[in-house]
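Fold and contact review
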Amino acid sequence: LGLFTPPQENEQFELGWKQQLDNWAFTAAIFMMDWKNQPFASVILLPTGGTTSFRGPGDSEYKGIDLEVNGNPTEWLSISTTLSYTDAVMTSFSSRGSNEFSVLGSGPLSVVNDGNEPRNTPRWSASFCPTILGTVGDRDWFIRTDVLYESATWADYSEYNRTPDSLRVNLRAGIDVNENFNLELYGRNI
């Protein structure tokens, strides 16, 4: 942020375990992150109309756990799944934006957001992705489904606007037409 703030400092620690078996692979990790002078973006409503973007520095901490499992239980089925939990908190940040000005009535002042969660950071996220594999004649084909989940997040730093949980399902199917050509169909948010 130029000459006005010290540089970012990000300390990250992770402790994990990985295990590979014949048809399965597992990963489990716990993590901790301490981020100093992190540039948080904000949009400010100008008194003359319109908006401008502002990136103010702040400090935040993240702790959590990540789990991942990949496997091939049969010749025709492959499974990939993840689960993640993140406890995120802003330890030092003052927000000055349209939400604080218009909704919270801060006027020309900033709102202290110490202890709030950073915006757009889900506490829980998960995925489940089975893939069915097969052969028609001498052509390989597949059908894959991605089920993706994210828990509710805050849309702003002052924890006023909430984005609800998100559950999406994507679908892909493909076939090898010949050695040089594959055909795939893809659907998002089905």
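**Observations regarding a nonpolar patch on the surface**
A cluster of nonpolar residues, Leu 15, Ile 30, Ile 65, Leu 67, Leu 83 and Trp 124, forms a patch on the protein surface that exposes about 530 Å² of accessible area. Relative to the helices and strands, Leu 67 resides in strand E3 (residues 51–74).

**Side note on unusual backbone geometry**
For Asn 120, which is not a glycine, the phi torsion comes out positive at approximately 60 degrees. Summarising the element assignment, Asn 120 is placed in the loop between strand E6 (111–112) and strand E7 (124–136).

**Digging into the pattern of salt bridges**
Inspection of the entire model under this criterion finds 5 salt bridges. Here Arg 123 and Asp 87 are joined by a salt bridge, their closest N and O atoms 3.6 Å apart. Residue Arg 123 is located in the loop between E6 and E7, and its partner Asp 87 is located in strand E4 (residues 77–92); the two are separated by 36 residues in the primary sequence. Accessibility expressed as a relative area gives 29% for Asp 87, which makes it partly exposed. Residue Arg 123 pairs with Glu 117 through a salt bridge whose shortest N-O separation is 2.8 Å. In the salt-bridge network here, residues are joined through shared partners; they are Asp 87, Glu 117 and Arg 123.

**Description of the environment of Asp 156**
Secondary-structure assignment places Asp 156 in the loop between strand E9 (153–154) and strand E10 (162–163). Along the primary structure Asp 156 and Glu 117 are separated by 39 residues, whereas in three dimensions their C-alpha atoms are 9.1 Å apart. Within the structure, Asp 156 has its side chain in polar contact with the backbone nitrogen of Tyr 160 (distance 3.0 Å). A polar contact is formed between the side chain of Asp 156 and the backbone nitrogen of Asn 161, at a distance of 2.7 Å.

Conventions adopted
Residues numbered from 1 in each chain as written. Predicted model: local features only at pLDDT ≥ 70, side-chain atom pairs only at ≥ 80, totals over all residues. Heavy atoms only, no water. Patch = residues over 30% accessible without salt bridge, like charges linked within 9 Å, V, L, I, M, F, W, Y side chains within 5 Å. Areas by Shrake-Rupley, 256 points an atom, 1.4 Å probe, with all protein chains shown as cover. Salt bridge = Lys/Arg side-chain N within 4 Å of Asp/Glu carboxyl O. Helix = DSSP H or I, 4+ residues; strand = E, 2+ residues; numbered from the N terminus. Buried < 20%, exposed > 50% of the residue type's maximum accessible area, 1.4 Å probe, protein only. Polar contact = N/O pair within 3.5 Å; in protein donor to acceptor, adjacent residues only side chain to side chain.

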